[in-house]
Amino acid sequence: MSTKTKLACSFCGQSQDKVAQLVAGPGVYICGGCVELASQVIAEAKRQEDAEKG
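Residues numbered from 1 in each chain as written. Predicted model: local features only at pLDDT ≥ 70, side-chain atom pairs only at ≥ 80, totals over all residues. Heavy atoms only, no water.

1. Considerations on the overall build of the chain
Link 1 in the chain: Along the chain, the regular secondary structure elements total one helix and two strands.
Link 2 in the chain: Shown N-terminal to C-terminal, the secondary structure of the chain runs as helices and strands in the order β-β-α.
Link 3 in the chain: Its C-alpha atoms give the chain a radius of gyration of 16 Å, more than 25% over the compact-globule value 10 Å for 54 residues.
Link 4 in the chain: Every one of the 54 residues in the chain was classed for burial, and the buried ones make up 9%.
Link 5 in the chain: For the chain, the share of sequence-separated contacts (at least 6 apart) that also reach a separation of at least 24 residues comes to 3%.
Link 6 in the chain: Counting only carbon and sulfur atoms, one obtains 56% of the accessible surface of the chain, whose full area is about 4600 Å². (Helix = DSSP H or I, 4+ residues; strand = E, 2+ residues; numbered from the N terminus. Rg over C-alpha atoms; globule rule 2.2 N^0.38 Å. Buried < 20%, exposed > 50% of the residue type's maximum accessible area, 1.4 Å probe, protein only. Contact = heavy atoms within 4.5 Å. Areas by Shrake-Rupley, 256 points an atom, 1.4 Å probe, with all protein chains shown as cover.)

Right, dumping it as structure tokens:
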């Protein structure tokens with residue numbers, strides 16, 4: 001009998017069968033949705049930083 005371990009996003013907790021992609025790192029996983037959200041957060045922080053510089 002084979003048992004497969006279900007992987008899940010380390011950030012939002014969604015399981016691998018609920019997301020389109022799950023990227024593996026050293027002991028962690030991140031889904032495409034969390035990658036997109038992180039990208040938006042970083043882009044907004046960059047815009048704010050650039051606006052503060054003038």
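2. Comments concerning helix α1 (residues 32-53)
Link 1 in the chain: Between its first and last C-alpha, α1 extends 32 Å over 22 residues, near the 32 Å set by a 1.5 Å rise per residue.
Link 2 in the chain: The positive-phi residue at the C-terminal boundary of α1 is G54, with phi of around 120°. (Expected span 1.5 Å × (residues − 1).)

3. A closer look at the UniProt feature "binding site: Zn(2+)" (unreviewed entry) in the chain
Link 1 in the chain: Per the UniProt record, "binding site: Zn(2+)" (unreviewed entry) is found at C9, C12, C31 and C34. Taken along the chain, the residues just named run across 26 residues; in space they keep tight, none of their C-alpha pairs more than 8.3 Å apart.
Link 2 in the chain: Relative to the helices and strands, C31 is located in strand β2 (residues 29-31).
Link 3 in the chain: With relative accessibility at 2%, the residue C31 sits in the buried group.
Link 4 in the chain: Leave out the neighbours within four places in its chain, and C31 touches C9, C12, V19, Q21 and L22.
Link 5 in the chain: Tracing the sequence through the fold places C34 in helix α1.
Link 6 in the chain: Dropping the residues within four chain positions of it, C34 is found in contact with C9, F11 and C12. (UniProt positions renumbered as here; feature names shortened; annotations may be inferred.)

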